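Summary of the model geometry
Here is what each chain is made of, one letter per residue.
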Amino acid sequence: MEEYRNIWVIAIYEDAEPDISTLKLVGYARLLGDNVGSWVEAVLIGKNLDENHGKELIMYGADNAYVISSENIDIYNVEQIAKIIEKLANEKKPEFILFPDNKFTRAIAGYISGKFKSALLTECIKLDIDPYERKLRAHKPAFEGQLLAVVEATGGFPQVATIKIATYSLPMKDEFRSGRVYPVEINLDELGVKTKVIEKGKAEKVEPHNWKAKVVIAVGEKIGSKENYEKIKQAANRLEIFVGGTKKAVDEKIVPEEDLIGPLGKIIRPDLLVTIGTSELPDYLFGVEKKSHLLTIVEDSTEPLAKMARYYAVSKPEDILDLLIKEMEEVDK
Amino acid sequence: MKIAVAVKYTPNPYQVKIHVRTGTLLIEDVEFGVNPKDFYALEAALRLKEKTNAEVVAVTVGGEEADEALREALGMGVDRGVHLFDKALGFIESAVSAEILSEYVKKVEKFDLILTGMESSDLKGGVFSTRLAALLDYPFAVGARDIEVEDGSIIVVQDFFPKISKVKIPLPAVVSVSDRFGEPRYPNMWAISEAYKDDKVKKVPLEDLGLDRGIIEKYLKLRRYALYSDEEGVRRRLSGPKDEVAKSIVEVIKDYL
């Protein structure tokens, strides 16, 4: 497909700050671009965006940036965002369109790839482009993340992918990197958007339930104090995350007895189990067929828990606790 | 009003094993059934049926056995089933099933509303609904917590947890239903067995829709399956300065909420 060129990274701005996942993806796209000899172009969509926002993404690795900014852009209107990207892609004909992966971008990616009748690879945890055949190749989770599927695009351009970027590191910001920023005017009324957003808000708070919670945080004795436990519990509960403690943490009176996780206490069945301040897996898989994914924060990367985890981070609990709580509060702001 | 619910026949993901050397699936002893998240879409359709007297049709795309999924849906109270089938349709990705369903809607039967689950437990993409909407050129809503019909339109509460929004879209439309919609009802065993007796499932072969088996690998080719622990270059560590690590941890958590 000769006429299709360049790699796009879609950057959707909720406020004037770029997401860390967007910056990481720009850096990742840079590596892909260098491998296949393509330019990386960032497409910025949001309110109150200007040349400087475009320049920032260039500093992280993009060659060009298109900035689409309007007071009437509404990130709650998925159809509108999707149609903006579709319109620009129709004009500029990118070869690949990449999104940082989340529920929202997956919905948009589905729509755009449908419009172009092209390949769509979602939730990629590793992505390559075949430089000769110009095809995306990816590893993605399958069967509730129990296995990996290795897939390859076979048809259509632009090929669309969403990438789970959390495990990739932030690229270095090169203040001297140059590139061009193109402001793009799009007449939103001509897109034929049928969706009307009537109301926006936050979900009602529901007290997290040990059995129903999708995410559970299990706290171990190394968290240090009762106060620390209460702090993380409060921050997490706002996001419907259930928080409990391991046997040892309960024995050391850091976690109250009623929050014990395991067959003698609260039975859990999360999609994701997060552990912090412990080197053992809490004894919770009692008569539960479902296998949770594990994210663990360990002090040493050779710990067995890190070996079996889907994701792990290496840090002393006291070094990361406050930052973690701050970030969890940000989600809900 | 006529509502279609797209259901997928999927294996129990926790029972699936692979042949490590060849990367193929071993699914002989695995239980199959309706994709768990599709039950929420069925529940949403049946609640709308109770309110508006709509006809609810369950539609599945798949091989010979996939009509089991329709019997289960019939057991929950769906009026009838449509099975878009071909023997070669095994595990198909959402782009393919969306295209087959869109051809059915274009050529055979129109619906006012098409409901889907959020994602399937096999190849998990969460993109079926919007891909279908694009092919049909219908408006869409994603992750519905609540759906209300209001003369020719629907009002949907969209769940992008912890944020929500209320949108109004004209019919016909495609809506994916969140697993926060409400507990799905249990299928009625008696109704399932009745569903086998009555001819409530219509089979539509691919040829009738003007499609052939080439569609299966039209967009994606599945090369092999692998175990996480065996794959090199699959990153698991969240690294960087502490504040970045904290951000990455919360990014991962958000994905599961």
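Residues numbered from 1 in each chain as written. Chains lettered and ligands numbered in written order. Predicted model: local features only at pLDDT ≥ 70, side-chain atom pairs only at ≥ 80, totals over all residues. Heavy atoms only, no water.

Let's talk about the packing of aromatic side chains
Counting across every chain of the model gives nine aromatic pairs over all chains. Ring pairs connect the aromatic residues Tyr4, Phe96 and Phe157 of chain A, which therefore count as one cluster. Geometry around Tyr219 of chain B places Arg131 of chain B over its ring, the cationic atom sitting 4.7 Å from the centre. (Phe/Tyr/Trp six-rings, centres within 6.5 Å; stacked < 30°, edge-to-face > 60°. Lys NZ or Arg CZ within 6 Å of the ring centre and 35° of its normal.)

Looking at the sheet that holds strand β15 (residues 293-298) of chain A
Spatial strand order, β13-β12-β14-β15-β16 (chain A): five strands in an open sheet with parallel pairing. The open sheet has two edge strands, β13 (242-245) and β16 (311-314) of chain A, and neither has a second partner. Averaged over all adjacent pairs, the angle separating strand axes in this sheet is 15°, with direction ignored. In the sheet, β15 of chain A pairs with β16 of chain A via four bridges, with the strands oriented parallel. Along β16 of chain A, the bridge assignment pairs Val298 of chain A with Val314 of chain A. Sheet contacts for helix α5 (residues 226-237) of chain A: β12 (215-219) and β13 of chain A; angle to β13 of chain A, the most-contacted strand, approximately 155°. Strands β12, β14 (272-276), β15 and β16 of chain A of the sheet are contacted by helix α6 (residues 242-256) of chain B, whose axis makes an angle of about 160° with β16 of chain A. (Pairing = 2+ DSSP bridges. Helix = DSSP H or I, 4+ residues; strand = E, 2+ residues; numbered from the N terminus. Axes fitted to C-alpha atoms, helices over the stretch in contact; angles between N-to-C directions. Contact = heavy atoms within 4.5 Å.)

Side note on the domain arrangement of chain A
All names here are of chain A. Segmenting chain A into domains produces domain 1 (5-191) and domain 2 (215-331). Put simply, the middle of domain 1 and the middle of domain 2, counted by C-alpha atoms, are 34 Å apart. On the domain 2 side, the residues contacting the five residues of domain 1 number four residues. Contact between domain 1 and domain 2 buries roughly 330 Å² in total, counting both sides, with carbon and sulfur atoms accounting for 42%. By the criterion of area lost to domain 2, the three top residues of domain 1 are Gly145, Gln146 and Thr167, representing 73% of everything that side buries. (Domains from an automatic or database assignment. Buried area = accessible area lost by both parts, 1.4 Å probe.)

Describing helix α2 (residues 67-76) of chain B
All names here are of chain B. Burial analysis of α2 places eight of its ten residues in the buried class, the great majority of the element. Asp67, Ala69, Leu70, Arg71, Ala73, Leu74, Gly75 and Met76 are the residues of α2 that are buried. Note on α2: the residue one or two positions beyond its end, Gly77, has a positive phi of about 125°. (Buried < 20%, exposed > 50% of the residue type's maximum accessible area, 1.4 Å probe, protein only.)

Some words on the packing of helix α4 (residues 103-116) of chain A against helix α4 (residues 128-136) of chain B
In helix packing, the relevant descriptors are the interaxial angle and the interaxial distance, both defined with respect to the helix axes. Contact pair α4 of chain A / α4 of chain B: the axes reach a minimum separation of 7 Å and the direction vectors enclose 35°. When you trace α4 of chain A past α4 of chain B, the crossing you get is right-handed. Within the contact between the two elements, α4 of chain A uses Arg106, Ala107, Gly110, Tyr111, Ser113, Gly114 and Lys115 of chain A and α4 of chain B uses Thr130, Arg131, Ala133, Ala134 and Leu135 of chain B. Each residue belonging to the contact of α4 of chain A with α4 of chain B can be placed in one class, and the counts come to five nonpolar, four polar and three charged. (Left-handed = near helix turned anticlockwise from the far one by under 90°. Nonpolar A, V, L, I, M, F, W, Y, C, P; charged D, E, K, R; others polar.)

A few points about the confidence of the model for chain B
Summarising the model, chain B shows a mean pLDDT of 90, and 100% of its residues fall at 70 or more. In the predicted complex, the global pTM is 0.93; the interface-specific ipTM is 0.93. (pLDDT = per-residue confidence, 0-100.)

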